[in-house]
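# Structural characterization, general
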Amino acid sequence: VVDRQECERIRELFTAAIDRASSEIEEASVRRHLRSCAECAEAYDAHRAVARGLAQQPLVRPRSHPLPPHVRFRSQLYAVAGLAVAGGAVALVVLAR
Ligand SMILES: [Zn+2]
């Protein structure tokens, strides 16, 4: 059973860490949580893909998502934006080859 508050905390940690490209995260606790929580692992991958995509393609920005603004689970927005941007980044990489 996954504690939702733990999910929020973990996501705060890894989004901040990825954004800063910092290794000074509580990496052990993040990784431990990601192993036990598929949802956070997915969010982590998506966010990392966004961060990488932005680093490689500075002009690419996640588009605002058509979900209603009252959607509270910010991490879901990250995940959706991440998938969209990751898809675009992959397409660019493939085209560039
Ligand atoms: Zn979680």
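The coordinates are above.
Residues numbered from 1 in each chain as written. Predicted model: local features only at pLDDT ≥ 70, side-chain atom pairs only at ≥ 80, totals over all residues. Heavy atoms only, no water.

### Let's talk about the overall build of the protein chain
- Secondary structure assignment for the protein chain yields four helices and zero strands.
- Long-range contacts, defined here as pairs at least 24 residues apart, represent 61% of the contacts in the protein chain between residues at least 6 apart.
- Taken as a whole, the protein chain presents about 7,000 Å² of accessible surface, with 56% of it coming from carbon and sulfur. (Helix = DSSP H or I, 4+ residues; strand = E, 2+ residues; numbered from the N terminus. Contact = heavy atoms within 4.5 Å. Areas by Shrake-Rupley, 256 points an atom, 1.4 Å probe, with all protein chains shown as cover.)

### Some details on the pattern of salt bridges
- A complete count under the given rule lists three salt bridges for this structure.
- One salt bridge in this structure joins Glu-39 and Arg-4, with 3.2 Å as the shortest N-O distance. Of the two residues, Glu-39 sits in helix α3 (residues 38–56) while Arg-4 sits in helix α1 (residues 4–20), which places them 35 residues apart along the sequence.
- When its relative accessible area of 43% is taken as the criterion, Glu-39 is described as partly exposed.
- The class for Arg-4 is partly exposed, based on a relative accessible area of 42%.
- A salt bridge links Asp-45 to Arg-48; the shortest N-O distance between them is 3.3 Å. Taken as a pair, Asp-45 and Arg-48 lie in helix α3 at a separation of three residues, close to a single helical turn.
- Judged by relative accessible area, Asp-45 falls into the partly exposed class, the value being 43%. (Salt bridge = Lys/Arg side-chain N within 4 Å of Asp/Glu carboxyl O. Buried < 20%, exposed > 50% of the residue type's maximum accessible area, 1.4 Å probe, protein only.)

### Describing the coordination of the zinc ion
- Here the zinc ion is held by the protein donor atoms Cys-7 (SG), His-33 (NE2), Cys-37 (SG) and Cys-40 (SG), which lie 2.1 to 2.3 Å from it.
- For the zinc ion, the four donor atoms in the first shell make angles of 98 to 114 degrees at the metal, a pattern classed as tetrahedral. (Donors = N, O, S within 2.8 Å, 3.2 Å for Na, K, Ca; no water. Tetrahedral: all angles 85-135°; square planar, octahedral: opposite > 155°, others 65-115°.)

### Comments concerning the packing of aromatic side chains
- For the coordinates displayed, the defined rule picks out one aromatic pair.
- A ring pair is formed by Phe-14 and Tyr-44, whose centres lie 5.0 Å apart and whose planes are at 90 degrees; its orientation type is edge-to-face. Taken together, the residues Phe-14 in helix α1 and Tyr-44 in helix α3 connect sequence positions 30 residues apart. The pair Phe-14 / Tyr-44 is uniform in exposure class, with both members buried. (Phe/Tyr/Trp six-rings, centres within 6.5 Å; stacked < 30°, edge-to-face > 60°.)

### A few points about the nonpolar core
- Counting 11 residues, the largest nonpolar core is built from Cys-7, Ile-10, Leu-13, Phe-14, Ile-18, Val-30, Leu-34, Cys-37, Cys-40, Ala-43 and Tyr-44.
- Tallying contributions element by element places α1 first for this core, with five residues.
- Aside from chain neighbours lying at most four places away, what touches Ala-43 is Arg-11 and Phe-14. (Core = buried A, V, L, I, M, F, W, Y, C linked by side-chain atoms within 4.5 Å.)

### Side note on the environment of Ala-51
- Mapped onto the elements, Ala-51 comes out in helix α3.
- The sequence separation of Ala-51 and Val-85 amounts to 34 residues, and the corresponding C-alpha distance is 9.5 Å.

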